[in-house]
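Secondary and tertiary structure notes
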Amino acid sequence: MTSSEVRPDGQKSTLAPWRTRIIGTVAVIAALIITYLILAAFIPRWWAQRIAGMVDSSFSKGIGWGLMYGLLGTAIPLFLLLFAALIWRRRAGKFVAGAAAVLALIIAIPNLMTLSIVLGESSAAHAGQRILDVDAPAFRGASLVGAIVAVVAFLAVTGLFGWRRWQRRHPGRQAAPAATRQTPTVT
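Presented here is an overview of the structure given in this document. Chains are numbered independently. Their residues run from 1 in the order of the written sequence. Local features are withheld for residues below a pLDDT of 70 in this predicted model, meaning they are given only at 70 or higher, and side-chain atom pairs are given and counted only at 80 or more; totals for whole chains, interfaces and linings count all residues. Side-chain measures here rest on the full set of heavy atoms in the structure, leaving out hydrogens and waters.

1. A few points about the overall build of the protein
Test applied: Put simply, DSSP H or I for four residues or longer makes a helix, DSSP E for two residues or longer makes a strand, and each gets a number counted from the N terminus. Relative accessibility under 20% of the residue-type maximum defines a buried residue, over 50% an exposed one, and the middle range a partly exposed one, all with a 1.4 Å probe and only protein chains included. The Shrake-Rupley method, run with a 1.4 Å probe sphere, supplies the accessible areas, and residue values consider only the shown protein chains as cover.
Across its full length, the protein carries 5 helices and 0 strands. Secondary structure of the protein in N-to-C order comes out as α-α-α-α-α. Looking at the protein as a whole, 25% of its 187 residues are labelled buried. Here the protein has roughly 13,400 Å² of accessible surface; of this, 69% comes from carbon and sulfur atoms.

2. Remarks on the packing of helix α1 (residues 15-55) against helix α3 (residues 93-119)
Quick reminder of the rule: Lines fitted to the C-alpha atoms define the axes, with helices restricted to the stretch that makes contact. Angles between their N-to-C directions range from 0 to 180 degrees. Just so you know how the angles are binned, under 35 degrees is roughly parallel, over 145 roughly antiparallel, 65 to 115 roughly perpendicular, and the rest oblique. Residue contacts are defined here by distance: any two heavy atoms, one from each residue, within 4.5 Å place the two residues in contact. Three residue categories are used. Nonpolar comprises Ala, Val, Leu, Ile, Met, Phe, Trp, Tyr, Cys and Pro, charged comprises Asp, Glu, Lys and Arg, and polar comprises the others, including Gly.
Relative to each other, α1 and α3 sit at 110°, their axes nearing to 9 Å. One finds that α1 runs roughly perpendicular with respect to α3. Residues I43, P44, W46, W47 and A48 of α1 form the contact with α3, whose own contacting residues are P110, M113, T114, S116 and I117. Along the lines of polarity and charge, the residues of the contact of α1 with α3 split into 8 nonpolar, 2 polar and no charged.

3. Considering helix α2 (residues 59-87)
This is how it is decided: A helix is expected to span 1.5 Å multiplied by its residue count minus one.
Counted at 1.5 Å a residue, the expected span for α2 with its 29 residues is 42 Å, and the 42 Å between its end C-alpha atoms agrees. Every buried residue belonging to α2 is among G62, G66, Y69, G70, G73, T74, A75, P77, L80, A84 and I87, and all of these are buried. Elements in contact with the buried residues of α2: α1, α3 and α5 (139-169).

4. Re the nonpolar core
Note the cut-off: The nonpolar core is taken to be a set of buried Ala, Val, Leu, Ile, Met, Phe, Trp, Tyr and Cys residues, with the residues joined through side-chain atoms within 4.5 Å.
Of all hydrophobic cores here, the largest spans 13 residues; its most connected members are W47, I51, L132 and A136. At the level of secondary structure, the elements contributing two or more residues to this core comprise α1, α3 and α4 (123-135). The leading source of residues in this core is α1, at 6 residues. Counting residues in hydrophobic clusters, the runner-up holds 6 residues, among them A84, I87, A97 and A104.

5. Some points on a positive patch on the surface
This is how it is decided: The patch calculation keeps residues exceeding 30% relative accessible area without a salt bridge and links them within 9 Å when they carry like charges or within 5 Å when they are nonpolar (Val, Leu, Ile, Met, Phe, Trp, Tyr). Here a salt bridge means any side-chain nitrogen of Lys or Arg lying within 4 Å of a carboxyl oxygen belonging to Asp or Glu. In this tally Asp and Glu are treated as negative and Lys and Arg as positive; neither His nor the chain ends contributes. For this purpose, a charge sits on NZ of Lys, CZ of Arg, CG of Asp or CD of Glu.
A cluster of basic residues, R164, R165, R168 and R169, forms a positive patch at the surface. Topologically, R169 is positioned in helix α5.

6. Observations concerning α3
Definition in use: Two axes enter the definition of the bend at a residue: one is fitted to the seven residues ending there, the other to the seven starting there, and the bend is the angle between them.
Within α3, the axis deviates most sharply at I109, by approximately 45°, and proline P110 lies no more than four positions further along. Listed in full, the buried residues belonging to α3 are G93, A97, A100, A104, A108, N111, M113, T114 and I117.

7. Things to note about the environment of T158
Rules: Throughout this description, a polar contact denotes any pair of N or O atoms lying within 3.5 Å of each other; where both atoms belong to protein, one of them has to be capable of donating a hydrogen while the other can accept it, and for residues adjacent in sequence the pair is counted only when both atoms sit in side chains.
Positionally, T158 belongs in helix α5. Sequence-wise, T158 and L82 are 76 residues apart; in three dimensions their C-alpha atoms are separated by 8.8 Å. In this structure the side chain of T158 is engaged in a polar contact, spanning 3.1 Å, whose partner is the backbone oxygen of L155.

8. Thoughts on the pattern of salt bridges
Under the defined criterion, the tally for this structure stands at 1 salt bridge. Measuring nitrogen to oxygen at the nearest pair gives 2.2 Å for the salt bridge that ties R140 to D133. Given the relative accessible area of 27%, R140 is considered partly exposed.

9. Looking at the packing of α1 against α2
The condition that has to hold: The crossing is said to be left-handed when, going from far helix to near helix, the turn is anticlockwise and less than a right angle, and right-handed when the turn is clockwise.
Where α1 meets α2, the axes come as close as 9 Å, and the angle between the chain directions of the two elements is 125°. The angle between α1 and α2 falls in the class oblique. Where α1 crosses over α2, the handedness of that crossing is right-handed. When α1 is examined against α2, the residues W47, I51, M54 and V55 are found in contact with a partner set consisting of K61, G62, W65 and Y69. The class makeup of the residues in the contact of α1 with α2 is 6 nonpolar, 1 polar and 1 charged.

In C-alpha cells form, the structure reads like this:
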C-alpha cells in the first residue's frame, strides 16, 4: 500500500510517509557519521601541514601566524554573534542574524581545526601535534594567547557598551558633581 492508496474505510494510509521519513533520517545520520569519521582522520593532519608550510620552522612566524589566527579567528566570530543577537528581533533580523551566525562559524573554522589537533585523542590529532611541534613551533601557544586576548577585548567592549547603555537608561543614578559640594573653610 503506498501513501496515495486508500484504505477500505476511505482514509489514506499514514504509515508510508512515516516509514519514508524514518528511513531518510537514518540515512542522513549514517552519512553524517561516516563524514565525521573521514574528516576526523583527515582534517588534523591536513591543517597541521598547512600551518607548517606557512610557519616553515620559524618561531617568529609561528608566533605571528598563531596570534593572527587566534585573535581574528576568535574576535570576529564573537562580534558577529553579538551582532546576530542584537539584530534578531528587528525586521528581516532572523535572516541577517542567521547569516551572521553562519559567517561566524566559517571564520572560526581555523581555530576549531587547531583545537581539534590540540584536544584530539585520535592518531590524526597526535600526528598533527607532532607536525606542529617540529615544523610550526610556538603556533599553538600564540594561537591560545590570541584567543584569550580576543575574549578579553570582547568582554571589555561589551562591558563598556553595556555600562553606557545602562547610564543612558538610568540618568538619575549618576554621582553628584564635585562643584556643587561645599567645603568648610578654615580661618
